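The chain contents come next:
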Amino acid sequence: MGATFGLLLLVMISFWLRLQILTALAAVFQLATLLLLGSLGGNLLSILIPFRIEAGSMKPTKMPALAMLVMLLCNLLFPVVMLPVFVPPLLEWFWQLAGWPSWSR
């Protein structure tokens, strides 16, 4: 699901910003890296800080305060952690806006 929405967003932005094919292809690989790192981080958090559910009721049990704090910090810091994924496309876009020569000929 993340790959589908990510690719759809990437296609729309590529047309809107008129990005080169090579830049869009690099963004596809960055999207794959982002999804793999997100999955890895989510799996690690689910092992270290499990979200317990009562058997048969699907109601969550009360979490310890430290676990709630860690979950809150993970949610708040997610954009900061993912920031390096967005830096190269932004630099490419600023490079094109400045009118500097293209890397591909």
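Here the residue numbering is sequential within each chain, running from 1 through the sequence in written order. Thresholds applied to this predicted model are a pLDDT of at least 70 for local features of residues and 80 or more for the giving and counting of side-chain atom pairs; totals over whole chains, interfaces and linings are not thresholded and use all residues. Remark: hydrogens and water are excluded; side-chain values derive from all non-hydrogen atoms of the structure.

1. What to know about the packing of helix 1 (residues 2–17) against helix 2 (residues 21–48)
- The interhelical angle for the contact between helix 1 and helix 2, taken along N-to-C directions, is 155°, at an axis separation of 10 Å. Here helix 2 runs roughly antiparallel to helix 1, going by the angle between their axes. Both helix 1 and helix 2 take part in a crossing whose hand is right-handed. Contacts from Gly2, Ala3, Gly6, Leu7, Leu10 and Ser14 in helix 1 reach Ala24, Ala27, Val28, Leu31 and Leu35 in helix 2.
- Partitioning the contact of helix 1 with helix 2 into residue classes produces eight nonpolar, three polar and no charged. Axes here refer to lines fitted to C-alpha atoms; in helices the fit is confined to the stretch in contact. Angles between the N-to-C directions go from 0 to 180 degrees. Strands are runs of DSSP state E lasting at least 2 residues, helices are runs of H or I lasting at least 4, and numbering of each runs from the N terminus. Under this scheme an angle from 65 to 115 degrees is roughly perpendicular, one under 35 degrees roughly parallel, and one over 145 degrees roughly antiparallel; angles in between are oblique. Note on convention: the crossing is left-handed when the near helix lies turned anticlockwise from the far helix by less than a right angle, right-handed when the turn is clockwise. The contact rule is simple, with two residues in contact once any of their heavy atoms fall within 4.5 Å. Under the scheme applied here, ten amino acids are nonpolar (Ala, Val, Leu, Ile, Met, Phe, Trp, Tyr, Cys and Pro), four are charged (Asp, Glu, Lys and Arg), and all others, including Gly, are polar.

2. Structural notes on the layout of surface pockets
- Approximately 510 Å³ is the volume found for the largest pocket.
- Space inside and on the surface of the protein is sampled on a 1 Å grid over the protein atoms alone, with a cavity defined as a set of points where a 1.4 Å probe fits but cannot get out and a pocket as an open set with protein on both sides within 12 Å along at least 5 of 7 lines; lining residues have an atom within 4 Å of a point. In terms of lining residues, the largest pocket is bounded by 19 residues, among which Leu10, Ile13, Ala27, Phe86 and Pro89 are the most central.
- Those elements giving two or more residues to the lining of the largest pocket turn out to be helix 1, helix 2 and helix 3 (65–98).
- Top contributing element to the lining of the largest pocket by residue count: helix 1, with eight residues.
- Residues of the lining of the largest pocket, tallied by class, amount to 15 nonpolar, four polar and no charged. Grid points are joined across faces, edges and corners, and a volume is the space filled by probe spheres set on the points.

Coordinates in, geometry out; function isn't part of it.
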